[in-house]
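# An overview of the molecular structure
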Amino acid sequence: MICQEWSAADLVLHYPRNPSPTLRVNFIASVDGAVSVDGLSGGLHGPGDKEIFDSLRMVCDALIVGSGTIKAENYDGLRLTPEARAWRRQRDLPEFPLMVIVSRSLNLDYQQLIFTDAPIRPIILTHAGADTREAAKHAEVIAVGDGEVDLAAGVAALHARGATQLLCEGGPSLLGSMIEKDLVTELCLTVSPLLVGGGPGRIAAGAPGIARKMSLRHILTLQDMLFLRYARQGN
Ligand SMILES: NC(=O)c1ccc[n+]([C@@H]2O[C@H](COP(=O)([O-])OP(=O)(O)OC[C@H]3O[C@@H](n4cnc5c(N)ncnc54)[C@H](OP(=O)(O)O)[C@@H]3O)[C@@H](O)[C@H]2O)c1
């Protein structure tokens, strides 16, 4: 479906909660594939993407982000608008999604707003060998894997507590690992009308993976911005 006119209210229909467990990834890239401008995604933003970003957060059970992204993008506590919270309450969802930070090293800044201004206690996903004493003062810690964060086990742990609609906002290292582990069921990609040139990487980084086929669910456009939603076949 190609849609050139849509309102914020339509977005829930375009990005629904799925009946089955979902790991939906949301990224923005330039037309020539850059994941950032001057080290941040902010330089890629344009009309419509904030509404989609907010809508994806509103409908999810848990938001998963890598430590590189929370540091680079200086993430705030996961707060939603009053309208978004009301939408969730009407559907018997917790008022706020879980905020899940993935870190192997636990070299995190606990003075960041993502910890100090969190409406509910964030979760840190790490591995069994990590020294979690400091992290546990600021977040709930889930340790999965030995030496490495076992992302599949982390996803299973979230499912076990009823969080089946997972949203991942990156970054590229985390997405690369999730693709490698075959965990991604949906990719929402915003294409920003910029030529950035060489320098920044792609939306996925790390070891090469096995190519997996995706199906196009919709195309939305607003001015020169393009919003694509792809899902794994069968999802
Ligand atoms: N365009 C976009 O939509 C978008 C979205 C997000 C980010 N970005 C950009 O991407 C850049 C950050 O990229 P990044 O790759 O460093 O960030 P990232 O993927 O958010 O974070 C990588 C970190 O995640 C942790 N991690 C733990 N287990 C992992 C695993 N199994 N696989 C991968 N990571 C694991 C590690 O943290 P520890 O080091 O703590 O162990 C690793 O250093 C920034 O420039 C940001 O602006 C762009």
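First, a word on what this report is: a plain description of the structure on this page. The shown structure was predicted, so the numbers you read here are calculated from the model rather than taken from an experiment. (Residues numbered from 1 in each chain as written. Predicted model: local features only at pLDDT ≥ 70, side-chain atom pairs only at ≥ 80, totals over all residues. Heavy atoms only, no water.)

Attention now goes to the nonpolar core. Residues Y15, I52, M99, L108, F115, I124 and L220 are the most contacted members of the largest nonpolar core, which totals 37 residues. Counting residues per element, this core draws most heavily on helix α2 (residues 49-59), at 4 residues. Not counting residues up to four positions away in its chain, the partners in contact with F115 are I101, L108, D109, Y110, P122, I124, H138 and A139. Listed in part, the 33 residues of the second largest apolar core include A29, L151, L187 and I219. (Core = buried A, V, L, I, M, F, W, Y, C linked by side-chain atoms within 4.5 Å. Buried < 20%, exposed > 50% of the residue type's maximum accessible area, 1.4 Å probe, protein only. Helix = DSSP H or I, 4+ residues; strand = E, 2+ residues; numbered from the N terminus. Contact = heavy atoms within 4.5 Å.)

Glancing now at the sheet that holds strand β3 (residues 62-66). The mixed open sheet is built from 10 strands, whose spatial order is β1-β9-β10-β8-β2-β7-β3-β4-β5-β6. Here the strands that pair on one side only, and so sit at the sheet edges, are β1 (2-3) and β6 (140-143). Pairing analysis gives 6 bridges linking strand β8 (residues 186-192) to strand β10 (residues 225-232), with the strands arranged antiparallel. Among the inter-strand pairings, L187 is bridged to a residue of β10, identified as Y230. (Pairing = 2+ DSSP bridges.)

This brings us to the site of the ligand. Within the structure, the ligand sits among 25 residues, and T69, E73, S103, S173 and S177 are positioned closest to it. A distance of 2.6 Å separates an oxygen atom of the ligand from a polar side-chain atom of T69. R104 places a polar main-chain atom, nitrogen or oxygen, 2.8 Å from an oxygen atom of the ligand. In isolation the ligand has 920 Å² of accessible area, and contact with the protein removes 83% of it. Secondary-structure elements contributing two or more residues to the shell around the ligand are β2 (22-30), α3 (67-72) and α8 (172-180). The residue inventory of the shell around the ligand, partitioned by class, reads 10 nonpolar, 12 polar and 3 charged. (Near = heavy atom within 4 Å. Polar contact = N/O pair within 3.5 Å; in protein donor to acceptor, adjacent residues only side chain to side chain. Areas by Shrake-Rupley, 256 points an atom, 1.4 Å probe, with all protein chains shown as cover. Nonpolar A, V, L, I, M, F, W, Y, C, P; charged D, E, K, R; others polar.)

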